[in-house]
Amino acid sequence: MSGAQAAAGAPAPAAKRRSGRPSALSLFARNQLAAFGAGLLLVILLLVLLTPLLPLPDPAATDPVNRLLRPLAEGHLLGSDHLGRDIFSRLLWGTGVSLLVGLSATSVAAIFGSTIGILAGYFGGRADTLLMRGIDMLMAFPYILLALAIVAALGPGLLNALFAIAIVNIPFFARNIRGVTLGLANREFIDAARLSGKSNVSILLTEVLPNVLPVIVITVSTTVGWMILETAGLSFLGLGAQPPAADLGSMLGEGRKLLITAPHVSVIPGVMIFLVVMSINLLGDGIRDLLDPRLKSGALARPAPFTAVDRPVSQLAAASIQDDSVLAVEDLRTQFRIGSDVYRAVDGVSFDIQPHECLGLVGESGSGKSVTALSLLGLVATPPGRIVGGRVLLQGRDLIGLDAAGLRAIRGDQVAYIFQDPLTTLHPLFSIGDQIAEAIRCHRPLSYKEAWAAAVTLLDSVRIPNAAGRAAAYPHELSGGMRQRVSIAMALANDPTLLIADEPTTALDVTVQAQVLKLLDQLRSRSGASLLFITHDFGVVSEVCHRVAVMYAGRIVEIGPTEDVLSAPAHPYTERLIACVPRLGEPGRRLEAIAGLPPAVNHLPPGCAFAERCPHAEDACRAGEISLDGLNDRHLVRCIKPRRAAS
Amino acid sequence: MLAYTVKRLVLAVPVLLGLTVIVFLIMAMIPGDPATAILGSYATPENVARLNRQLGLDRSLVEQYFIWLGNLLQGDFGRSFNLNRPVIDEVLERFSATLVLAGAALLLCSVFGLIAGVVTAVRQYGWTDKIVTFFVLIGISIPSFWLGLLMILVFAVWQRWLPASGMFAIYGGGDLPDLLRHLVLPAITLAVVATGVIARLTRAAMLEVLRQDYIRTARAKGVGETRVVCRHAFKAALVNVIPVIGVQAGFVLGGAVYIETVFQWPGIGRMLVTAISTRDLLLVQGGVLVVAASYVLFNLVTDLLQHLIDPRLRT
């Protein structure tokens, strides 16, 4: 089972982490549609199977006196056609024929196509090349045209139409199945089967086939409706069923001539084709969603441009506090609601940043530091993110609950972000000069040409050699370090008062890290901007940050001047984090890993979240809320027995 | 770009040759003896043998193929015995009518499919999304030939708004407005299915792109949401949608067969259906080859277009 699913492409973990699953409601609605399709199809199938038993007139019995009766005429539920034949009876028999032909064509295409696909994928090499070139040639034809050519050669007739449609659909199966088989062919369990002496035939039947079966089922469920439509189409053109035999398509084709005088003769079979195909398509979508996790992930919600705010009314009226700080965050709370779970990613975070100051925000992955940074300007993806409390005061002005235009005016102007991985955070299809120029033009009334010139100057200031030439380059043409310099240049474009750098050096080589870090520090001190620097690396903190805040499970557990925290960490978690950093010149020092994992923030224990991993924990730690208390007026810690070293 | 164009053109040659092989093989599959078919069942064996020699049918299949290919390259597709005129003349004349119809349909389905896809992605799970998704579902399940009949019934028979058939009015027509009036119904009908498919895939592509990091970067820069959607997200989604449009072009060209039959459009699809029922096989062969070759060339164009948009493919 796992084989096919993995080969079908697991959703990128990053994407999974950031956005929510579709709500239960939408999943239900989708299943409802599939259930509706299944129900409709079942009714049609039952009618078709029971047709021979129903008291219906002979579908071929002509009755010229009662020709072209309208629907609901006596004895003819749906009326009669130009030869006086009962349309209802013909409709049911015709539906049977259409379904049979469509399903047979699908089976033929599935068997031959899958066989070709499995053989090409499993044996690879020359067999693969030869088979797939042939398939490519078939696919070079416009779909129905090839079927027409085949029917032309074989002559019109229902069976020939069936073969034509089947042949035309073989490439779809061959391609899909080959792709999956190719992924399986090099997997360990296939190798193991080979080593155990199994023959190719038995491997194909017992190992490969069961794993590609879901993909075959998906391909069948998505093509069968189409094939019924196409066989009906050939009959409509007079190339399929030949009189007196009739399927839905030929009924429609015959009725076409009477369109103006007796529209019901052609409209009714059309409705039936439509219902059959729609029910199959609905059911097929349901099956595909069930079997293919990748496509289901496509149903993920798109993030809104601004994080939803759901803050208690009492906090709205609170007056702004006037002080010197560039940024003051008060009791910020951001949650992710996924299904019935509530993840408290940021749970009452408060800190401030002074002019020209650099504050480090440190913690393991998942501690909530990035979400804190993104919450400041409403960049947390909604759904599932939601700011449920707190205030973010930028120079005294509360940003939470600010309207879209107000928030947008601040984004990239007063406050600018530098993100972690510039390969994914820069747009791959626009040149770097264009992206920087756009950042400038969002906030300043410059012409494109002027903005481009400004972009070149910025690129020069982040020491990109030959900036004027490089501005026309695309992100993928630059090295990782260069790309991060571009991100920095973009962030500096409008002389922000606050820079937020979210792990700006994590994705880079160590030597490049040092260069970028130095550059960032220089530019910051030259421009006078404040900096919120997010990292998991205390080594980096010591180089650039004036103060540092340590986060754990959505809360700040310690905050204070960098020297104080580094030299005398008060929280056991901080202590352990610092112990994780290797130091030059101390090769003998043991690097201590922190035992255990950070807790999931949807089921936080009462009391200290670190207690489970803390060597000094005692019962009081787990008893209840622990406050962030001052060791002195600048150094705060959330621990009932801060480490002695502090005193 | 020029180098790439040349490279793709060169690569198209084996594909085109492959098409001729397939068409040749299909035609060689035909049971029966062409000479007997032409001369009728009363022909003497000597006459049949002579005609077979004249037609080159006494040679090996490989020889026959290369002689046939040589003729094709000189523009000699044979004569249609039914119409008694060179196949190539008839095919090109009819194909131009198909190009008008298919081109209009492709334009319609691209424009409306893309717009519907973007709108539904942006209004995900909203009312617009549900309504458009519902129509998309209908669009991909409806038989186009039946839809064509309904269109005629409603817009040409009940409401006499538009002509029901043909490409030009028989009396007094022939100008562009006349052509456009005749084009509306068939072009819309032909575009419906492809619009549904393109809308669906555009929606999926947009939703995927809107979750990317670079979209967050654009928003963090302060770019307005309209610009984020229409410029940043749409361009990235387009890279994935263009190949789909290429595939849909094939379906539109093929689907023209039905639509031309329903609307009496004098295109190559209707010509093929007639030629199949009259067993005018050289005409079928010529028609299929020309349409298939033009589709290969169209795919080449979408490929180049994709290269133009995505700089990553250029290096």
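Just above sits the structure.
The text that follows walks through the structure, step by step, so that each part is easy to find. Computed from a prediction, not measured in an experiment: that's the story for all the values here. (Residues numbered from 1 in each chain as written. Chains lettered and ligands numbered in written order. Predicted model: local features only at pLDDT ≥ 70, side-chain atom pairs only at ≥ 80, totals over all residues. Heavy atoms only, no water.)

### Describing the overall build of chain A
Counting its secondary structure elements, chain A contains 25 helices and 13 strands. By residue count, 52% of the 647 residues in chain A fall in the buried class. Considering only residue pairs separated by 6 or more positions, chain A has 68% of its internal contacts joining residues 24 or more positions apart. Taken as a whole, chain A presents about 27500 Å² of accessible surface, with 61% of it coming from carbon and sulfur. (Helix = DSSP H or I, 4+ residues; strand = E, 2+ residues; numbered from the N terminus. Buried < 20%, exposed > 50% of the residue type's maximum accessible area, 1.4 Å probe, protein only. Contact = heavy atoms within 4.5 Å. Areas by Shrake-Rupley, 256 points an atom, 1.4 Å probe, with all protein chains shown as cover.)

### Description of empty space enclosed by the protein
Throughout the structure, instances matching the rule amount to five cavities of 30 Å³ or more. Here the largest cavity defines a volume of roughly 180 Å³. In terms of lining, the largest cavity is formed by 16 residues, of which the most central are Trp 226 of chain A together with Ser 144, Val 193, Phe 251 and Gly 255 of chain B. For the lining of the largest cavity, the secondary-structure elements that each account for two or more residues are α9 (200–236) of chain A together with α7 (144–158), α8 (176–210) and α10 (225–263) of chain B. (1 Å grid on protein atoms, 1.4 Å probe; cavity = no way out; pocket = protein on both sides within 12 Å on 5 of 7 lines; lining within 4 Å. Points joined across faces, edges and corners; volume = space filled by probe spheres on them.)

### Quick notes on the sheet that holds strand β4 (residues 358–362) of chain A
Residue and element names in this part refer to chain A. On the basis of which strands lie adjacent, the open sheet formed by eight strands has the order β7-β8-β9-β4-β10-β11-β13-β12 and mixed pairing. Both outer strands of the open sheet, β7 (415–418) and β12 (629–630), are each paired with one neighbouring strand and no more. On top of the sheet, helix α20 (residues 480–491) reaches β7 and β8 (498–502); it is set at about 175 degrees to β7, its chief contact. (Pairing = 2+ DSSP bridges. Axes fitted to C-alpha atoms, helices over the stretch in contact; angles between N-to-C directions.)

### Details of the interface of chain A and chain B
Of the residues lining the interface, 83 residues belong to chain A; the matching set on chain B comes to 77 residues. Between chain A and chain B lies a buried interface of about 7200 Å² when both sides are counted; carbon and sulfur atoms form 70% of it. The interface formed by chain A and chain B contains five salt bridges. We note a salt bridge from Lys 221 of chain B to Glu 438 of chain A, for which the minimum N-O separation is 3.1 Å. Between the two partners, chain A and chain B, sit 19 residue pairs in polar contact (both at pLDDT 80 or more). Of all elements in the fold, only α2 (13–18), α5 (125–139), α6 (143–154), α9, α10 (248–256), α11 (264–291), α16 (422–425) and α17 (432–441) of chain A reach the threshold of two or more residues within the side of chain A that touches chain B. The leading source of residues in the side of chain A that touches chain B is α11 of chain A, at twelve residues. Grouping the constituent residues of the side of chain A that touches chain B by class yields 56 nonpolar, 16 polar and eleven charged. (Buried area = accessible area lost by both parts, 1.4 Å probe. Salt bridge = Lys/Arg side-chain N within 4 Å of Asp/Glu carboxyl O. Polar contact = N/O pair within 3.5 Å; in protein donor to acceptor, adjacent residues only side chain to side chain. Nonpolar A, V, L, I, M, F, W, Y, C, P; charged D, E, K, R; others polar.)

### Focus: the side chain of Gln 64 of chain B
Residue and element names in this part refer to chain B. In this fold, Gln 64 is placed in helix α4 (residues 61–73). Gln 64 sits in the buried class, given a relative accessible area of 16%. If near-sequence neighbours (up to four positions away) are discounted, Gln 64 is found in contact with Phe 24, Gly 56, Leu 57 and Arg 59.

### Some thoughts on helix α6 (residues 127–141) of chain B
Taking 1.5 Å of rise per residue, the 15 residues of α6 of chain B would be expected to cover 21 Å, and the 21 Å separating its terminal C-alpha atoms lies within 8% of that figure. Those residues of α6 of chain B not exposed but buried are Asp 129, Val 136, Leu 137, Gly 139, Ile 140 and Ser 141 of chain B. The inward-facing, buried residues of α6 of chain B abut α9 and α11 of chain A together with α5 (87–122) and α8 of chain B. (Expected span 1.5 Å × (residues − 1).)

### A short note on the packing of aromatic side chains
Taken as a whole and judged by the stated rule, the model has 16 aromatic pairs over all chains. Between the aromatic rings of Tyr 122 of chain A and Phe 123 of chain A, the centroid separation amounts to 5.0 Å while the plane-to-plane angle is 85 degrees, which identifies the pairing as edge-to-face. Site record: aromatic cluster; members linked through ring pairs are Phe 24, Tyr 65, Phe 66 and Trp 68 of chain B. (Phe/Tyr/Trp six-rings, centres within 6.5 Å; stacked < 30°, edge-to-face > 60°.)

### Thoughts on the state of the cysteines
By definition, a disulfide links the sulfur atoms of two cysteine residues through a covalent bond. Residues and elements named next belong to chain B. Under the defined criterion, the tally for this structure stands at zero disulfides over all chains. Cys 109 forms no disulfide, and the closest cysteine sulfur to it belongs to Cys 230, at a distance of 20 Å. Looking at Cys 109, the relative accessible area reads 0%, which means it is buried. Accessibility expressed as a relative area gives 49% for Cys 230, which makes it partly exposed. (Disulfide = S-S within 2.5 Å.)

Coordinates in, geometry out; function isn't part of it.
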